[in-house]
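# Reading the structure
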Amino acid sequence: MSMLRGFLVLVLFFILGESIRVLFALPVSGGVLGMVVITFTLMVKGSVSDELASASQGLISVLVLLIMPGVVGVFFMADQFSGQWLAVAAALLVGTFLSVLTTLLLMKLVTAGGDGDRE
């Protein structure tokens with residue numbers, strides 16, 4: 001039952017993100033806006049409930065399925081990229097590097113903040 005409550009929380013934040021997207025006519029996915037809102041909510045709250053953690057762990061195991069629509073879309077649009085493979089490859093490499101760098105810096109910031117609280 002707790003996992004269902006966690007899924008309900010995730011769905012409500014998704015709906016909130018979609019509502020924000022439609023209301024302000026933003027060119028960003030409602031799911032992304034929902035994740036931003038839930039991130040700020042959890043930062044203010046300072047903790048994650050057991051229900052939300054349980055539902056999130058269940059979704060992490062099938063995270064690779066969220067990548068599939070993009071991969072399939074690229075497969076069917078491959079002819080549109082025919083003369084732009086260098087730009088696509090550069091964007092993938094730079095994007096991957098920036099993602100790893102951002103993750104590293106955030107992890108250092110989070111772990112440094114956690115060590116300061118223990119002393």
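All of these numbers come straight from a predicted model, not from anything done at the bench.

Conventions used here
Residues numbered from 1 in each chain as written. Predicted model: local features only at pLDDT ≥ 70, side-chain atom pairs only at ≥ 80, totals over all residues. Heavy atoms only, no water. Helix = DSSP H or I, 4+ residues; strand = E, 2+ residues; numbered from the N terminus. Rg over C-alpha atoms; globule rule 2.2 N^0.38 Å. Buried < 20%, exposed > 50% of the residue type's maximum accessible area, 1.4 Å probe, protein only. 1 Å grid on protein atoms, 1.4 Å probe; cavity = no way out; pocket = protein on both sides within 12 Å on 5 of 7 lines; lining within 4 Å. Points joined across faces, edges and corners; volume = space filled by probe spheres on them. Nonpolar A, V, L, I, M, F, W, Y, C, P; charged D, E, K, R; others polar. UniProt positions renumbered as here; feature names shortened; annotations may be inferred. Expected span 1.5 Å × (residues − 1). pLDDT = per-residue confidence, 0-100.

## As for the overall build of the protein chain
A tally of regular secondary structure across the protein chain gives 5 helices and 0 strands. Computed over its C-alpha atoms, the radius of gyration of the protein chain comes to 18 Å, more than 25% above the 14 Å expected for a compact globule of 119 residues. Counting only C-alpha atoms and orienting by the principal axes, one finds that the protein chain spans roughly 55 × 35 × 30 Å. Counting only residues that meet the buried cut, the protein chain has 8% of its 119 residues in that class.

## Concerning the layout of surface pockets
Remark: the empty space left among the atoms is shown by a probe the size of a water molecule rolled over them. Within this model, the largest pocket holds a volume of roughly 750 Å³. For the largest pocket, the lining is made up of 20 residues, of which L10, G31, M35, L59 and L66 are closest to its centre. Taken together, the elements giving at least two residues each to the lining of the largest pocket come down to α1 (2–24), α2 (30–45) and α3 (50–60). Among the elements that make up the lining of the largest pocket, the one with the highest residue count is α2 (8 residues). Looking at the lining of the largest pocket residue by residue, the class counts come to 16 nonpolar, 4 polar and no charged.

## What about the UniProt feature "transmembrane region" (unreviewed entry) in the protein chain?
In the UniProt entry, the feature "transmembrane region" (unreviewed entry) is given for residues 58–78 and 85–107. When the span residues 58–78 is considered, its composition is 57% helix and 0% strand, and the gap between its end C-alpha atoms is 33 Å. For the annotated span residues 85–107, helix accounts for 100% and strand for 0% of the residues, and the straight-line distance between the end C-alpha atoms is 33 Å.

## A look at α1
In a regular helix each residue adds 1.5 Å, so 23 residues correspond to 33 Å; α1 covers 33 Å between its end C-alpha atoms and thus fits that length. Looking only at α1, the buried set comprises G6, F13 and G17. Immediately downstream of α1, the backbone of A25 shows phi near 50 degrees, a positive value.

## Digging into the confidence of the model for the protein chain
For the protein chain, the average pLDDT comes to 86, and 95% of its residues sit at 70 or higher. Considering each helix and strand of the protein chain separately, the mean pLDDT is smallest for helix α4 (residues 68–76), with a value of 74, and largest for α1, with 93.

## Comments concerning unusual backbone geometry
Of note, the phi angle at A25 is positive, near 50 degrees, even though the residue is not glycine. Assignment of secondary structure puts A25 in the loop between α1 and α2. Given the relative accessible area of 65%, A25 is considered exposed.

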